[in-house]
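# What the coordinates show
Spelled out, the chains give:
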Amino acid sequence: NMVSCKSFVSKVDVTYLSNFNKCFSNSIVTPCGVNLQKYKFSSNRFTNEIIFVGNLYSVQNLDSVIWFISNVLPLLESSFNLKVVGKISNSNKKYLNNLPRVSATGTVDCITNATQNSLFGICTVQIAAGIQNKILEYMSLGIVTFSSSIGNEGIYAEHGKNIIIEDNPLKLAQHLQYLSKNLDEVNILR
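Read on for an overview of the structure. (Residues numbered from 1 in each chain as written. Predicted model: local features only at pLDDT ≥ 70, side-chain atom pairs only at ≥ 80, totals over all residues. Heavy atoms only, no water.)

## What about the pattern of salt bridges?
Under the defined criterion, the tally for this structure stands at two salt bridges. The salt bridge partner of K181 is E77, with a shortest N-O separation of 2.5 Å. Within this pair, whereas K181 is found in helix 7 (residues 169–181), its partner E77 is found in the loop between helix 2 (59–71) and strand 4 (81–85), the two being separated by 104 residues in sequence. In this structure K181 comes out as exposed when scored by relative accessible area, which is 53%. Judged by relative accessible area, which is 34%, E77 ranks as partly exposed. Across the pair E158 and K161 runs a salt bridge whose closest N-O atoms are separated by 3.9 Å. Relative accessible area serves as the criterion here: at 46%, E158 is assigned to the partly exposed category. (Salt bridge = Lys/Arg side-chain N within 4 Å of Asp/Glu carboxyl O. Helix = DSSP H or I, 4+ residues; strand = E, 2+ residues; numbered from the N terminus. Buried < 20%, exposed > 50% of the residue type's maximum accessible area, 1.4 Å probe, protein only.)

## A short note on helix 2
Look at helix 2: 18 Å from first C-alpha to last across 13 residues, which is about the 18 Å you get at 1.5 Å a residue. Turning to helix 2, its buried residues number three or more, namely Q60, N61, L62, S64, V65, W67, F68 and I69. (Expected span 1.5 Å × (residues − 1).)

## Describing the sheet that holds strand 6 (residues 118–123)
Reading across from one edge, 5-4-3-6-7-8 is the order of the six strands in this open sheet, with parallel pairing throughout. The sheet terminates laterally at strand 5 (102–106) and strand 8 (164–165), the two strands that pair on one side only. Sheet topology places strand 3 (residues 49–53) next to strand 4; five bridges connect them, and they run parallel. The residue of strand 4 that forms the bridge with I51 is K83. Docked against the sheet, helix 7 engages strand 3, strand 6, strand 7 (144–147) and strand 8, running at close to 170 degrees with respect to strand 7. (Pairing = 2+ DSSP bridges. Contact = heavy atoms within 4.5 Å. Axes fitted to C-alpha atoms, helices over the stretch in contact; angles between N-to-C directions.)

## Quick word on the side chain of Q132
Relative to the assigned elements, Q132 resides in the loop between strand 6 and helix 5 (133–141). Its relative accessible area of 4% is what places Q132 among the buried residues. Of the polar contacts made by the side chain of Q132, one reaches the side chain of K134; its length is 2.7 Å. Apart from the residues within four sequence positions on either side, Q132 is in contact with Q60, N61, C123, V125, G151 and I155. (Polar contact = N/O pair within 3.5 Å; in protein donor to acceptor, adjacent residues only side chain to side chain.)

## Some thoughts on the pairing of strand 5
Burial of strand 5 is one-sided: the residues V102, A104 and G106 facing one way are buried, the residues S103 and T105 facing the other way are not. The sheet contact formed by strand 4 and strand 5 spans four bridges and is parallel. Bridge pairing in strand 5 places V84 opposite A104.

And the structure:
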């Protein structure tokens with residue numbers, strides 16, 4: 001009698017798969033983490049730079065950035081800019097860099113250095129795929145984190161305690177603008 005062990009990083013995946021095959025109901029859920037020595041916390045962040053970190057060859061990440069640019073960035077005051085960091089095709093990098101208030105760097109040597117001016121980090125994914133480690137990285141770095149409900153799946157961060165979870169573009173923009181003017185409340189979310 002052979003015992004099989006299945007390990008996942010998300011309860012959402014286990015629940016979904018268990019609906020199709022009961023053998024998944026005995027799976028182990030092991031949450032992800034980040035190296036706190038590599039992603040060192042800093043509270044010295046005071047700009048309205050919004051950061052998105054991710055592999056832009058991945059459809060959910062590119063879609064997330066385009067969704068944010070189309071639906072949220074136009075609602076924000078002109079002092080807000082979006083910086084996109086991560087592996088990206090030349091054509092998509094050129095496209096993003098031609099948009100107002102958006103810059104795409106491509107791959108960087110050090111995420112900590114690339115995000116040092118960013119007060120806010122976004123994970124506005126609309127397509128579920130894997131664990132969004134960028135959320136854990138933002139939190140570790142001391143970046144106020146905004147996520148869609150889908151982005152928070154498997155992370156289990158608590159809205160208002162250590163993350164803002166918002167799917168509505170207008171409400172997301174309002175949260176960003178409010179926190180940029182009330183920096184004393186930013187520390188509650190770090």
